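Structural description and commentary
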Amino acid sequence: MVTNVTNFSRSGLYDWMAQRVSAVVLAAYVLFLLGYVVLNPGMGYAQWHGLFSNNAMRIFSLLTLVALGVHAWVGMWTISTDYLTQTALGKWATAVRFLFQAACGIAMFVFFVWGVQILWGF
């Protein structure tokens, strides 16, 4: 039996809610950027730099990075527990699932740190 590790033994409702809330944040960010590009035709580097130099935009971008990490983690955890099973992989299922989830977690952490470095220039 697979146990829920995404929210430390809470019900699947929390995973479902995290997936939906993070999707709304991601959609809002994409719509904002699309609207900004459409409303500013011929935008150059200076205007783009000015947008992302604004602290409100940096915070919105950071919130979006967090939402992306949450969304990706819940999604990849669900995929790994649905498809990397004893039936599909035999006795190696637990090890393969662990390695897959560890690789996903490390990749998400690296992308988050990289995003923070890009946003704040550390």
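In every chain, residue numbers begin from 1 and rise along the written sequence. It should be noted that, the model being predicted, local features are given only for residues of pLDDT at least 70 and side-chain atom pairs only at 80 or more, the latter also being counted only at that level, while totals for whole chains, interfaces and linings use all residues. Excluded from the side-chain calculation are hydrogens and water; included are all heavy atoms of the structure.

Labelled according to an unreviewed UniProt entry, the chain appears under the name Succinate dehydrogenase hydrophobic membrane anchor subunit, originating from Pseudomonas straminea. UniProt positions are given in the numbering used here, feature names are shortened, and annotations may be inferred rather than shown by experiment. We quote the UniProt Function (unreviewed entry) comment for the chain here in full: "Membrane-anchoring subunit of succinate dehydrogenase (SDH)." Taken verbatim from the UniProt record of the chain, the Pathway (unreviewed entry) comment is "Carbohydrate metabolism; tricarboxylic acid cycle."

1. Things to note about the packing of helix 2 (residues 45-53) against helix 3 (residues 55-83)
A fitted line through C-alpha atoms serves as each axis, taken over the contacting stretch for helices, and the angle formed by two N-to-C directions is quoted from 0 to 180°. Helix and strand assignments follow DSSP, with helices taken as H or I runs no shorter than four residues and strands as E runs no shorter than two, numbered in order from the N terminus. The interhelical angle for the contact between helix 2 and helix 3, taken along N-to-C directions, is 75°, at an axis separation of 5 Å. Looking at the two axes, helix 2 sits roughly perpendicular to helix 3. Together, L51, F52 and S53 of helix 2 and N55, M57, R58 and S61 of helix 3 make up the contact between the two elements. Here the term charged refers only to Asp, Glu, Lys and Arg, the term nonpolar to Ala, Val, Leu, Ile, Met, Phe, Trp, Tyr, Cys and Pro, and the term polar to all other amino acids, Gly among them. Tallied by class, the residues present in the contact of helix 2 with helix 3 amount to three nonpolar, three polar and one charged. Relative orientations are named as follows: roughly parallel for angles under 35 degrees, roughly antiparallel for angles over 145 degrees, roughly perpendicular for angles from 65 to 115 degrees, and oblique for any other angle. For this analysis, residues touch if any pair of their heavy atoms sits within 4.5 Å.

2. Observations concerning the UniProt feature "binding site: heme" (unreviewed entry) in the chain
UniProt records the feature "binding site: heme" (unreviewed entry) at H71, using the numbering of this structure. Relative to the elements of secondary structure, H71 occurs in helix 3. Using a relative accessible area of 25% as the deciding quantity, one classes H71 as partly exposed. Those residues in contact with H71 that sit more than four places away from it in its chain are Q19, S22, A23 and L26. Among the polar contacts listed, one links the side chain of H71 to the side chain of S22, at a separation of 2.9 Å. For each residue, the accessible area found with a 1.4 Å probe, counting protein chains only, is set against the maximum for its type, and the residue is called buried under 20%, exposed over 50%, and partly exposed in between. Two N or O atoms form a polar contact when they lie within 3.5 Å of each other; inside protein one atom must be a possible hydrogen donor and the other a possible acceptor, and for residues adjacent in sequence the pair counts only when both atoms belong to side chains.

3. Examining the side chain of Q19
Its place among the elements puts Q19 in helix 1 (residues 12-39). A residue is classified by how much of its surface remains accessible, and Q19, at 16% relative accessible area, is buried. When residues no more than four places from it in sequence are discounted, the contact partners of Q19 are V70, H71, V74 and G75.

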